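This is what each chain is made of:
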Amino acid sequence: MKRARSKLAFLAIFASLAALALAAVACSSAEPEAPPTATPVDVSGIISQVMAAQQPGVTTEDVAMAIQDALAQQQGLTSSDVANEIAKALSARPGVTSEDVASAIASALDARPGVTTQDVANEIAAALSAQPGVTEGQVAEAIAAALAERPGVTEDQVAAIVAQAMEAQQAQIVAAVVTQVPAMQAPTAAPVHMQEGGTVKVVGHAGGFTFVDPHATGLIMTGFVGRQVYEQLFTRDGEFNVKPQLVEEWSTNSDSTVWTFKLREGKTFHNGDPLRVEDVIESIKRNAVLSSISRSYYRGFSGKEATGDVRADIGHMFDEVDDTTLTVTLDKPSSYILTIMAQIDPYMPSVMHEDIWQHPAGGKGDEAIKTAIGTGPFKFDEWVPGTGIFLSRNDDFLARDEPYDFLSGKLEVLIDKQEVRVIPDQASRAAALRTGEVHFLDDFKLDVAKTLEGVPDIQIQRVGRMNMGTMNWNQWIEPFDNPKVRQAVAIALPIDRTMAAAIGDAEWWQQCAFYIHCGTKWSDAAQGYGDQYQSISGDVDRAKAIVEAEGVAGQHVRVIAVDSTFIPEAALVVAETLEKIGFTSEILAVDTAASTAMQRSTEPTDYEMSMGWSNFFNGVDPLGPHTNSYVKSNFVSYWQDPGGKAQEIRTKFAEELDFAKQVELVKQYDELYWEEWPRNVAMFSNPRAYRTDVLEGVGNWLYPLVYGVSVKQ
């Protein structure tokens, strides 16, 4: 089945290349003359003698090797000569397929000194393309089949080699046509008319959609809904400054304890209902139930002891003044409230319609919300599990007047529809972009990105802000209910080997021993404590001593790993490290839905660790200690701050106005993080790509956005 999927992917990849070749040949009105033979040897005579000497029943490989042996005795023959003659000879034999010919050429060329795997692929492509009736798809499939069983060559590497071989072959065809028809003029390019309309097809995070409720999750794919279907009171511009979105005016009293917000008039939900103050208040309260960031802030300034009912704990803080005005009252001064309201990832404080906000917070399975009703520039049409979500332009959207900048200002939608597709397999994602099946590709692996380099009409972007690779611990069961054992794994893990395996090129990743991303004002001022728990090469001996001292040596550790950037390869190094320090290990390869369910379970006993990555901590805004959203998160197996120390630091930070004192609190939080929950591995960048022949106006933002993007007609 895996081979079948691979073949389909290869066929899809090269369909567009075939069209390119046909278009190039069609430019010529004259038949190009056959190039003169460069080989002075009577190759045809040699081949005839070899073929005549073969006994009935010999294999194609036997014939190929006989031809290779005969030609090897001649001077001046190239690998191309060998490949072409084998192709001609074997193609004439009844029942011989293109894959048989490719395999025979590979066997023969492997016997020639200095011939690389890419050389073999290139020669197969050229030789088979010259045979009558062989299609581009058959050539690509044949090369893939010939290389598939080579030791040490992965499926992704095969895809890259085949792609390069086919592109080289098409380049030769086009060059031959241009050279042999000197009078041919390049066709005049048709003018491109930019206009409204069209559909943009985006492939997001490989994990797909588990939720479409941005209050309930920080999953990256759900962000497509939160940032485009919904709006917030405040958002961020390209430099991550706080900017108003649903708010027209705002003010505070003299000691910053009472905040007043006036909503924009005329805003309506997608079903036509007007935006009400009640919708804003109830959406904020619902978000606080699910978001550890919002919950921590509002509880910290509520003046009440926390109970199990978050809505009751914070409900008295909100008042409806009139149809467009609300106030939020804090029990002590804080200007941090705007920062909390402008959180753009994770668990976004989206303002929802009553049909959504009255839905039970954090519903799972059949109870989970299946739709979205907001005030944003896109309407939510449908969610098809396993396929994606389908959005359409909100023609009644009331945009702001300020210039567009990232998620702020005038969010202009020129397209009619947006499809956010789910394609889990990395090679298939790249193939879909190559063939034009999709137009915009987010979150794919660096080795796959290299197969797209130099491909016409595809632009590769490097996302400016780095993500953070993470290890996550199940605190409820042994051995990671013990913080010292959690520390031991962080101490032992070799950052260099982990990132080389997971990401590759060193310019795409960076070590960072800090609880959020490095390169922020907080890391620059407070970083350093984590150095004793993390090193570039790891310290196995020190970690092994801790494991033995804590009496957990020999225990079995199951590591969850979904198929996404960073995770599978990093999990292999983690598993190897666990073995070195005294554990046995097992990797649980599951999909995103299963991983989420396992980690949200109220009785998480079927795993000990999970691998992940996040852009939550990437310096999007100066959230300080609040940025670490996994403290007391909905992933109940994660650290729940049993002593309340994290909550205490967060609240003090949010009310502190002096930067030097804030830095001291950040240092305290960093120390607490590394002692209790040392999860960060290293930072890395993701590639992103889109088709320049389809899309115009694509920016390089933290997220794949289509505001101001046009479809070329």
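Above this text is the structure in question.
Residues numbered from 1 in each chain as written. Predicted model: local features only at pLDDT ≥ 70, side-chain atom pairs only at ≥ 80, totals over all residues. Heavy atoms only, no water.

Undergrad: Outline the sheet that holds strand β6 (residues 258-263), supporting the account with residue identities and numerical values.
TA: A sheet is described by the order of its strands in space; here four strands give the open sequence β5-β6-β8-β7, paired in antiparallel fashion. Bordering the open sheet on either side are β5 (247-252) and β7 (318-322), each of which pairs with just one other strand. The sheet shows a mean angle of 20° between the axes of neighbouring strands, taken without regard to direction. Here β6 pairs with strand β8 (residues 325-329) via five bridges, running antiparallel. (Pairing = 2+ DSSP bridges. Helix = DSSP H or I, 4+ residues; strand = E, 2+ residues; numbered from the N terminus. Axes fitted to C-alpha atoms, helices over the stretch in contact; angles between N-to-C directions.)

Undergrad: Describe the nonpolar core, with residues and values.
TA: In summary, soluble globular proteins display a tendency toward joint burial of nonpolar side chains. Counting residues in hydrophobic clusters, the biggest one holds 154 residues, and the most contacted among them are Y298, M471, F566, M609 and M611. Once you skip the residues sitting within four places of it in the chain, Y298 turns out to touch I284, A288, I314, M317, F318, I337, I340 and M341. Formed by 30 residues, the second largest nonpolar core is a distinct cluster that contains V82, A142, A146 and A165. (Core = buried A, V, L, I, M, F, W, Y, C linked by side-chain atoms within 4.5 Å. Buried < 20%, exposed > 50% of the residue type's maximum accessible area, 1.4 Å probe, protein only. Contact = heavy atoms within 4.5 Å.)

Undergrad: Please give an account of the pairing of strand β19 (residues 680-684) that cites residues and values.
TA: A large share of β19 lies buried, amounting to five of its five residues. Relative to β19, strand β14 (residues 467-473) runs antiparallel, the two sharing four bridges. Across the sheet, the residue bridging to N467 is F684, located in β19.

Undergrad: Please set out the pattern of salt bridges residue by residue, giving values where relevant.
TA: All chains considered together, the criterion is met by 28 salt bridges. With a closest N to O distance of 3.1 Å, K332 and D331 form a salt bridge. The class for K332 is buried, based on a relative accessible area of 18%. Among the residues examined, D331 registers a relative accessible area of 42% and is labelled partly exposed. For the salt bridge of R691 with D693, the shortest nitrogen-to-oxygen distance reads 3.0 Å. For R691, a relative accessible area of 8% gives the class buried. Looking at D693, the relative accessible area reads 33%, which means it is partly exposed. The network of salt bridges with shared partners includes E196, R393, D395 and D416. (Salt bridge = Lys/Arg side-chain N within 4 Å of Asp/Glu carboxyl O.)

Undergrad: An account of the environment of R688 is needed here, citing residue identities and associated values.
TA: Considering the arrangement of structural elements, one finds R688 in strand β20 (residues 687-691). Residues R688 and G204 lie 484 residues apart in sequence; the distance between their C-alpha atoms is 9.8 Å. Engagement of the side chain of R688 in a polar contact is seen with the side chain of D442, the distance being 2.9 Å. Here L702 takes part through its backbone oxygen, which lies 3.0 Å from a polar atom of the side chain of R688. (Polar contact = N/O pair within 3.5 Å; in protein donor to acceptor, adjacent residues only side chain to side chain.)

Undergrad: Can you tell me about the packing of aromatic side chains, naming the residues and giving the values?
TA: This model, assessed by the stated rule, comprises 25 aromatic pairs. On the numbers, 6.0 Å between centres and 55° between planes, the contact of F440 with Y690 is tilted. Of this pair, F440 sits in strand β12 (residues 440-441) while Y690 is found in strand β20, placing the two residues 250 residues apart along the sequence. Y690 matches F440 in its accessibility class, with the two residues each being buried. (Phe/Tyr/Trp six-rings, centres within 6.5 Å; stacked < 30°, edge-to-face > 60°.)

Undergrad: Before we move on, could you go through the sheet that holds strand β17 (residues 584-589) and cite the residues and values that matter?
TA: If you trace the six strands from one edge of the open sheet to the other, you get β15-β19-β14-β18-β16-β17, paired in mixed fashion. Of all strands in the sheet, those with a lone pairing partner are β15 (509-511) and β17, marking the two edges. Between one strand axis and the next, the sheet turns by 25° as a mean value, whatever way the strands run. Pairing of β14 with strand β18 (residues 609-614), which is carried by six bridges, proceeds in the antiparallel orientation.

Undergrad: If you had to explain the pairing of β18 to someone new, which residues and values would you point to?
TA: The buried count for β18 comes to six of six residues, which makes it a mostly enclosed element. Taking every second residue as pointing to the same face, both faces of β18 are buried, with M609, M611 and W613 on one and S610, G612 and S614 on the other. Across two bridges, strand β16 (residues 556-561) lies against β18 in parallel orientation. Within β18, the position partnered with V559 by the bridge is M609.

Undergrad: Describe helix α7 (residues 136-147), listing the residues and the values that go with them.
TA: For an α-helix, 3.6 residues make a turn, and residues three or four places apart therefore share a direction. Here α7 contains 12 residues, and its C-alpha end-to-end distance of 17 Å stays within 8% of the 16 Å for a straight helix at 1.5 Å per residue. Along α7, the positions that sit buried rather than exposed are E136, G137, V139, A140, E141, A142, I143, A144, A145, A146 and L147. (Expected span 1.5 Å × (residues − 1).)

Function cannot be read off these values alone, since they describe shape.
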